[in-house]
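Coordinate analysis (summary)
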Amino acid sequence: MICTAAASFLRSAPEPRGAIHIPIMVSEVMDGLLIRSGGTYVDATLGMGGHTEAIFLRCPDVKMVIGLDCDAEVLEQARSRLNPFADRVHFVCSNFIYLSDVLSSEGIGQVDGIVMDLGLSSFHLEASGRGFSFSRQEPLDMRMDTSSTLTAADLINRLPTDRLAELIWEYGEERWAKRIARHIYERRKRAPILTSTDLAEVTVHAIPRRYRSRRIHPATRTFQAIRIAVNRELDNLKEALWSLPACLRPGGRLCIISFHSLEDRMVKRAFKADGRLEVLTKKPRTPVPDEIESNFRARSARLRIAQRIDL
Ligand SMILES: C[S@@+](CC[C@H](N)C(=O)[O-])C[C@H]1O[C@@H](n2cnc3c(N)ncnc32)[C@H](O)[C@@H]1O
């Protein structure tokens, strides 16, 4: 049920700065979470607050949403968007691997559902100024949590070439990884690579012209790989897959949207191997064609859902 009062409230909410993030597979996630009156939910990747907003629109009587994001700037964007529900959202700047500590410190036991929408938000690409996008000249940073120390420039300029190639191959599934790493090495011998456009240029030149994709920018996979490494995204996911089920009450749901085959495989295997969970999606759910058409970012989304069992 959509609450019209809440919807009109939202129309008057302040616009987020510089970027709108369209939440992915909203109705599938809301159905998956089994949103109910009086329920307490966790949005472990709050981002611009799209899924949290949808929770309140689906069920205006939800008791509380605990919204985590490791990026303090993103959290401020969400705070402004979710202003109409501010009394029932707990905004927490934290890595989701610490969710059980966060819940304890808020005096909350187990919750009714957790959503994780992995990766980065449109804010990162379009307004953060941190070099996530190959089409903007920005410092090569790529940290979501700006209190961490390692930047993309550190990796690009310091990693040994074979390690760089391995990383671009593994996290970016980029067939030209070795060539790209070699070109980066040659370029950084002359001068450090310090901006996103510098990295994009080196990457594009490393790929033979006739093999450059016309569908996606030729630097897409390399940027993805570096971002995943800088933010330790796979390590964090692995840790969360182990620790999050304990935060759910029996019957509570865990919905995870991933965008990378390595992530999806990790989720699939962890769900299957976890004796605390019943897998509800034998195959991952994918967005309907209309959603992909209206939101290009949705094209690689995979949603998996599991339910905490009563042990
Ligand atoms: C795809 S966005 C979420 C978008 C959100 N669902 C929406 O509709 O607006 C992912 C968010 O997760 C955050 N994030 C990524 N890794 C995280 C982690 N390990 N802990 C907490 N937040 C994380 C990012 O900063 C980003 O804002």
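Residues numbered from 1 in each chain as written. Predicted model: local features only at pLDDT ≥ 70, side-chain atom pairs only at ≥ 80, totals over all residues. Heavy atoms only, no water.

1. Thoughts on a positive patch on the surface
A contiguous patch of positive charge, built from R265, K268, R269, K272 and K283, is present on the exposed surface. Considering the arrangement of structural elements, one finds R269 in helix α13 (residues 261-273). (Patch = residues over 30% accessible without salt bridge, like charges linked within 9 Å, V, L, I, M, F, W, Y side chains within 5 Å. Areas by Shrake-Rupley, 256 points an atom, 1.4 Å probe, with all protein chains shown as cover. Salt bridge = Lys/Arg side-chain N within 4 Å of Asp/Glu carboxyl O. Lys, Arg positive; Asp, Glu negative; His and termini not counted. Charge placed at Lys NZ, Arg CZ, Asp CG, Glu CD. Helix = DSSP H or I, 4+ residues; strand = E, 2+ residues; numbered from the N terminus.)

2. Here's the deal with the sheet that holds strand β5 (residues 248-258)
Read across the sheet, seven strands follow the order β3-β2-β1-β4-β5-β7-β6 without closing on themselves; strand pairing throughout is mixed. Since the sheet does not close on itself, it has two edges, and those belong to β3 (89-93) and β6 (277-279), each with one partner. Neighbour-to-neighbour, the strand axes of this sheet turn through a mean angle of 20 degrees, independent of strand direction. In terms of strand pairing, strand β2 (residues 64-69) meets β3 through five bridges, oriented parallel. Paired with L68 across the strands is V92, a residue of β3. Relative to β3, helix α4 (residues 72-81) is tilted by about 165 degrees, and along the sheet it contacts β2 and β3. (Pairing = 2+ DSSP bridges. Axes fitted to C-alpha atoms, helices over the stretch in contact; angles between N-to-C directions. Contact = heavy atoms within 4.5 Å.)

3. Considering the domain arrangement of the chain
Examined at the domain level, the chain breaks down into domain 1 (4-123 + 236-308) and domain 2 (149-230). A C-alpha centroid distance of 31 Å is found between domain 1 and domain 2. Facing seven residues of domain 1, the contacting portion of domain 2 comprises eight residues. Counting each side, the surface lost to burial between domain 1 and domain 2 is near 550 Å², with a carbon and sulfur contribution of 54%. At the surface where domain 1 touches domain 2, the tally comes to zero salt bridges. (Domains from an automatic or database assignment. Buried area = accessible area lost by both parts, 1.4 Å probe.)

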